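# What the coordinates show
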Amino acid sequence: MAEGEFPAGALMKGKRGLVMGVANKNSIAWGIARQLHAQGAELAFSYQDEALEKRVRPLVESLGGEPFMVTADVSNDASMDTCFETLKTKWGRLDFLVHAIAFAGKDELQGSFTHNTTREGFKRAMDISAFSFVDAARRASALMPSREEGGGAMVTLTYLGAERVVPNYNVMGVAKAALEASTRYIARDLGPAGIRVNAISAGPMRTLAMAGISGGRQLMKTGKDWSLLKEDTTMEGVAGAALYLLSDLGKSCTGEVLHVDAGFHVVGVPDAGDGEE
Ligand code: NAD
């Protein structure tokens, strides 16, 4: 998707936020970042490791201005400490957080959930894909303005595999279920401080994370064929939902899992012929 396809405006003017989870130009975090940038947000980006920095830096630079980038391996406390200390020193205040991070081993994203899920794999998927949001939310909330000064907002990314059985999604579905429940509990804790916490349940999109799931191509195809709109989930749709949830448009909305999947999640039985070539 070319630059400039996101609606420009001033909905995020004066707001500063951390975007976690850009790996390349196809990352959902990058689509959301471009939408927020087009609406005037000031952005900091965290990336997993040095290897990714090389890919992420040119993207961030393409937005113009002084790039604000910091390493954050969410499975490492010291790395998270440094990330949030840097934010505190440089900005002092954070208005929003975008969490678009997940990981499970390739071996665990195929075949039998019961037989292929190891203790280590289960813990790793939970740690990186669910606990990391709890941890980031706690750290980010400490930098957010008081309710009187506007409070804050957070958004994470989830998938229907949390609610329904999806072939090969396996341990990631379990981690996403934990992520969605965590979203509600975090929303409860931070609500009194005026901080809204929501999740976007996106339909299948062609990203690195999707490439790690066995049968991802079929997920994409079914996601379109069975959907009510008969189309793929778009980056504009997901980024637009994030803009709604993170801007003042989303006032009064918290603890929510918003489905942005062309209506796929409401289908009980597909139309006869759906999916046939
Ligand atoms: P992506 O591969 O571009 O993004 C995943 C990100 O997670 C990467 O930036 C990666 O560096 C980061 N990450 C993994 N382990 C990390 C660690 N230890 N520390 C820090 N960062 C780490 O893929 P994506 O599809 O944009 O995924 C973003 C989010 O969207 C994920 O939570 C994913 O589950 C969710 N999601 C994706 C889809 C889809 O179809 N692509 C659908 C619904 C939800």
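Below: a short report on this structure.

Procedures and definitions
- Residues numbered from 1 in each chain as written.
- Predicted model: local features only at pLDDT ≥ 70, side-chain atom pairs only at ≥ 80, totals over all residues.
- Heavy atoms only, no water.
- 1 Å grid on protein atoms, 1.4 Å probe; cavity = no way out; pocket = protein on both sides within 12 Å on 5 of 7 lines; lining within 4 Å.
- Points joined across faces, edges and corners; volume = space filled by probe spheres on them.
- Phe/Tyr/Trp six-rings, centres within 6.5 Å; stacked < 30°, edge-to-face > 60°.
- Helix = DSSP H or I, 4+ residues; strand = E, 2+ residues; numbered from the N terminus.
- Buried < 20%, exposed > 50% of the residue type's maximum accessible area, 1.4 Å probe, protein only.
- Lys NZ or Arg CZ within 6 Å of the ring centre and 35° of its normal.
- Near = heavy atom within 4 Å.
- Polar contact = N/O pair within 3.5 Å; in protein donor to acceptor, adjacent residues only side chain to side chain.
- Areas by Shrake-Rupley, 256 points an atom, 1.4 Å probe, with all protein chains shown as cover.
- Sits in = over half its atoms within 2 Å of the grid points.
- Nonpolar A, V, L, I, M, F, W, Y, C, P; charged D, E, K, R; others polar.
- Axes fitted to C-alpha atoms, helices over the stretch in contact; angles between N-to-C directions.
- Parallel < 35°, antiparallel > 145°, perpendicular 65-115°, else oblique.
- Left-handed = near helix turned anticlockwise from the far one by under 90°.
- Contact = heavy atoms within 4.5 Å.

### Brief notes about empty space enclosed by the protein
Taken as a whole and assessed by the stated rule, the structure comprises one cavity of 30 Å³ or more. Of the pockets and cavities examined, the largest cavity occupies roughly 40 Å³. Lining the largest cavity we find Gly 203, Pro 204, Met 220, Gly 223, Lys 224, Glu 231, Asp 232, Thr 233 and Asp 261.

### Some words on the packing of aromatic side chains
As enumerated under the stated definition, the model contains four aromatic pairs in all. Ring centres of Tyr 159 and Tyr 169 lie 4.8 Å apart, and the angle between their planes is 65°; this geometry places the pair in the edge-to-face category. Of this pair, Tyr 159 sits in the loop between strand 5 (152-158) and helix 6 (170-190) while Tyr 169 is found in the loop between strand 5 and helix 6, placing the two residues ten residues apart along the sequence. Residue classification places Tyr 159 among the buried positions, given a relative accessible area of 11%. The ring of Phe 68 carries the charged tip of Lys 90 above its face, separated from the ring centre by 4.3 Å.

### Some remarks on the site of the ligand
Close to the ligand lie 27 residues; Ser 27, Ile 28, Gln 48, Met 205 and Thr 207 are nearest. One nitrogen or oxygen atom from the side chain of Gln 48 is found 2.7 Å from an oxygen atom belonging to the ligand. Note that a nitrogen atom of the ligand is positioned 2.9 Å from one of the side-chain N or O atoms of Asp 73. The fraction of the free accessible surface of the ligand (810 Å²) that becomes covered by protein chains is 94%. The cavity where the ligand resides is the largest pocket. Counting only elements with at least two residues in the shell around the ligand, the list comes to strand 5 and helix 7 (208-211). For the shell around the ligand, the element with the highest residue contribution is helix 7, accounting for three residues. Considered class by class, the residues forming the shell around the ligand number 19 nonpolar, six polar and two charged.

### Thoughts on the side chain of Asn 170
Structurally, Asn 170 is set in helix 6. Residue classification places Asn 170 among the buried positions, given a relative accessible area of 11%.

### Comments concerning the packing of helix 1 (residues 28-38) against helix 9 (residues 235-246)
Describing two packed helices takes the angle between their axes plus the distance from one axis to the other. The contact between helix 1 and helix 9 brings their axes to 8 Å, and the two run at 60°. Here helix 1 is positioned oblique relative to helix 9, judged by the angle of their axes. For the crossing formed where helix 1 meets helix 9, the hand is right-handed. Residue-level inspection shows Ile 28, Gly 31, Ile 32, Gln 35 and Leu 36 of helix 1 in contact with helix 9, the latter providing Met 235, Val 238, Ala 239, Gly 240, Ala 242, Leu 243 and Leu 246. Across the contact of helix 1 with helix 9, the residue classes tally to nine nonpolar, three polar and no charged.

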